[in-house]
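# Commentary on secondary and tertiary structure
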Amino acid sequence: MSRRRGRWCPRAVALFAAFAAIAGWYWLDGALVRARRFAADNRIAAAKTHVGWYRRLHPRDPHAILYLAQLWISDESTSSPEAVETALGLLALIRDGSPLSAEARTQEGRIHLFLKRQPGRAERKFRAAIDVDKNLVEPRYLLWKLYDLTGRSHLAEPLVWSVVELCPESQRAMRLREWYMSQFFPATANPDLDQLLEVVDPVRPSPTVTEQRRFAMFRDHEPDRPIGHAALARWFSMEGQPKYALEMLDFGEPELADSERNDPYLLATYISALIDLGRHEEAMACLRRWPEPRDGYEYWRWKGVLDEDLREDYSAAIEAYDRALDGWPGPADWRTMVRKANCLTRLGRSDEAARLRAKADRVEHMMKDAVHQRLRDALAQLNDGPSLLSVAEYYRDLGRPREAAEWLQLATRLSAAP
């Protein structure tokens, strides 16, 4: 009997250990489910602990890593710098090729933009996410918003249409309304994001001051990238202070790597300030530094201005202005239309110049506050078909067929609904 008991005990111990190991494995494996329950009850620290236990079994599980990074960001018990760096360290573990790499890069971009106030690094992360997953809406949408927040709304059109095409039908009208705000009122297009970035003066809120504070914040948090420097300098140029804008650009340039000094947004800001100061030769030198591909609204507009004012090559200026006017914001840029009309006059093409000046006058009228107030009133009622029809008509008259077609389709569908 004692021998049997002696043989039985080691077996029992081994069996018990096996059962304990299996039970422990199941307990650890269920830790991720329990973590989500804790998080739902706002017990973030406990949720993080359980995700940590789960990762003992699955250290490379990208879902667990992504979720733990999110928990670190939402844990108010930890200091913000610690949480941010921990989250970024976790997200970096999700390498390219992982099924969640696009989402990980998107979350890195969010952290760089909204927590670290680093738009240049955020932009690279959003673009990396788009490269991984062409059909993911979120990084495209966030990159569009980043363009708004950095004074580049006028360059966001390709992003906007990709978002409109990929977003659910229920969001289409909202996204089109946001595009209208980006086009015509970029300073006030994203009030919620300005609140998130804490750049709104609580005592004396002002869109102009909010923009200036936002651009200064981006420059100060990311001095080694060109976006903040260019955005803030352009703000001063728009406020009629090109000399100060140029001084700011020159002061910030030593902070930039050589590869960053030919950034198109930075070069366009330099060119604008130099032309305002009458320093056209230096502006032409900046234009020659423009990287390939030499394209886009700002490149062609400034090339046209320099062809006209410096080189007095009016044919080349007309060609450049045509290319600038072809895409957004060209159809709303009545000033460039007037410049092109002046070139036509100098070449003896008076009838064409007169027609273009008449068009520029119509467009200038379409930019008036009273006109846009009526449009904004209509856009406040996204379920009112007849009101939205006026938005479609506005875009049609402006020469923007795609926006016109989108709003007409929406207005028609709403009007036909029972």
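Every chain is numbered independently, its residues counted from 1 as its sequence is written. In view of the model being predicted, local features appear only for residues whose pLDDT reaches at least 70, and side-chain atom pairs are presented and counted only at 80 or more, with totals across whole chains, interfaces and linings using the full set of residues. Each side-chain value is worked out from all heavy atoms of the structure, with water and hydrogens disregarded.

## Some details on unusual backbone geometry
The peptide bond linking E292 to P293 adopts the cis configuration, its omega dihedral lying at 0°. Think of it this way: any DSSP run of H or I at least four residues long counts as a helix, any run of E at least two long counts as a strand, and we number them from the N terminus. Counting through the fold element by element, P293 comes out in the loop between α16 (280–288) and α17 (297–309). Geometrically, the link from W328 to P329 is a cis peptide bond, its omega value of 5° lying close to zero. Relative to the assigned elements, P329 resides in the loop between α18 (314–326) and α19 (334–346). For R117, which is not glycine, the phi dihedral falls at a positive 60°. Summarising the element assignment, R117 is placed in the loop between α6 (101–115) and α7 (119–132).

## Some remarks on the layout of surface pockets
Roughly 1,500 Å³ of volume is contained in the largest pocket. Sorting the residues of the lining of the largest pocket by element identifies α10 (172–184), α12 (207–221), α13 (226–238), α15 (264–276), α17, α19 and α21 (369–379) as the ones contributing at least two each. Considering every element that reaches the lining of the largest pocket, the biggest residue donor is α13, with 5 residues. By residue class, the composition of the lining of the largest pocket is 18 nonpolar, 9 polar and 11 charged. Here the second largest pocket is characterised by a volume of approximately 890 Å³. Lining the second largest pocket are 32 residues, and of these R127, Y147, R152, L155 and P264 lie nearest its centre. Sorting the residues of the lining of the second largest pocket by element identifies α7, α9 (157–166), α13, α15, α17 and α18 as the ones contributing at least two each. Three classes are used, and their members are as follows: Ala, Val, Leu, Ile, Met, Phe, Trp, Tyr, Cys and Pro are nonpolar, Asp, Glu, Lys and Arg are charged, and the others, Gly among them, are polar. Looking at side-chain class alone, the lining of the second largest pocket contains 16 nonpolar, 4 polar and 12 charged residues. For each structure, a 1 Å grid was placed over the protein atoms alone; sets of points admitting a 1.4 Å probe that cannot get out are labelled cavities, open sets with protein on both sides within 12 Å along at least five of seven lines are labelled pockets, and lining residues have an atom within 4 Å of a point. Grid points are joined across faces, edges and corners, and a volume is the space filled by probe spheres set on the points.

## Here we look at the packing of α19 against helix α20 (residues 350–366)
A pair of packed helices can be characterised by two numbers: the angle between their axes and the separation between those axes. For helices, the fitted axis covers only the stretch in contact; all axes are lines through C-alpha atoms, and the angles between them, taken along N-to-C directions, range from 0 to 180 degrees. It is the contact of α19 with α20, at a shortest axis distance of 9 Å, that shows an interaxial angle of 170°. Overall, the two elements α19 and α20 adopt an arrangement that is roughly antiparallel. Seen along the crossing, α19 lies across α20 with a hand that is left-handed. Facing α19, whose interface residues are W334, M337, V338, K340, A341, N342, L344 and T345, α20 presents E352, A353, L356, R357, K359, A360, V363 and E364. The class makeup of the residues in the contact of α19 with α20 is 9 nonpolar, 2 polar and 5 charged. Roughly parallel means an angle under 35 degrees; roughly antiparallel, over 145; roughly perpendicular, 65 to 115; everything else is oblique. The hand of a helix crossing depends on one turn: near helix anticlockwise from the far one by less than a right angle means left-handed, and clockwise means right-handed. Should any heavy atoms of two residues lie within 4.5 Å, those residues are considered in contact.

## Let's talk about the packing of aromatic side chains
By convention here, two paired aromatic rings are described through the distance between centres and the angle between planes. Stacked, tilted and edge-to-face pairs are distinguished by plane angle, under 30 degrees for stacked and over 60 for edge-to-face with tilted covering the rest, among Phe, Tyr and Trp rings (Trp via its six-membered ring) whose centres lie within 6.5 Å. Applying the stated rule across the entire model yields 12 aromatic pairs. Note on F236 and Y244: the rings are 4.8 Å apart at their centroids and 85° apart in plane angle, and the pair reads as edge-to-face. Per-residue accessibility, obtained with a 1.4 Å probe over protein chains only, is compared with the maximum for each type, and a residue is labelled buried under 20%, exposed over 50%, and partly exposed between these values. Look at F236 and you get buried, because its relative accessible area is 12%. Take Y244: its relative accessible area is 40%, and that puts it in the partly exposed class. A connected cluster of aromatic rings, assembled from ring pairs, spans W179, Y180, F184, F185, W328, Y394 and Y395. Throughout this description, the term charge over a ring refers to an Arg CZ or Lys NZ atom that lies within 6 Å of the ring centre and within 35 degrees of the ring normal. Just above the ring of Y67 sits the side chain of R36; from NZ or CZ to the centre is 4.1 Å. A cation over a ring is seen here: R152 above Y265, with NZ or CZ 5.5 Å from the ring centre.

## Focus on α16
Think of an α-helix as 3.6 residues a turn; residues three or four steps apart then line up on the same face. Looking only at α16, the buried set comprises H280, A283, M284, C286 and L287. Buried residues in α16, looked at end-on, bunch into an arc of 155°, giving them a common side. Exposed side of α16, more than 90 degrees from the buried face: E281 and R288 are the residues found there. Buried residues along α16 sit in contact with α15 and α17. Within this analysis, the arc is defined by the directions that extend from the helix axis to the C-beta atoms.

## Section: α9
Most of α9 is tucked away: 7 of the 10 residues are buried. Among the structural elements, α8 (137–149), α10 and α23 (401–416) are those in contact with the buried residues of α9.

## Describing empty space enclosed by the protein
All chains considered together, the criterion is met by 2 cavities of 30 Å³ or more. Considered as a void within the structure, the largest cavity measures approximately 50 Å³ in volume. Together, E169, R172, A173, L176, E406, Q409, L410 and R413 line the largest cavity. Looking at the lining of the largest cavity, the elements that each hand over two or more residues are α10 and α23. Sorting elements by how many residues they give to the lining of the largest cavity places α23 first, with 4 residues. Looking at side-chain class alone, the lining of the largest cavity contains 3 nonpolar, 1 polar and 4 charged residues. In this model, the second largest cavity occupies a volume close to 30 Å³. Surrounding the second largest cavity, D148, L149, P186, A187, T188, A189, N190, D194 and R214 form its lining. Broken down by class, the residue content of the lining of the second largest cavity amounts to 4 nonpolar, 2 polar and 3 charged.

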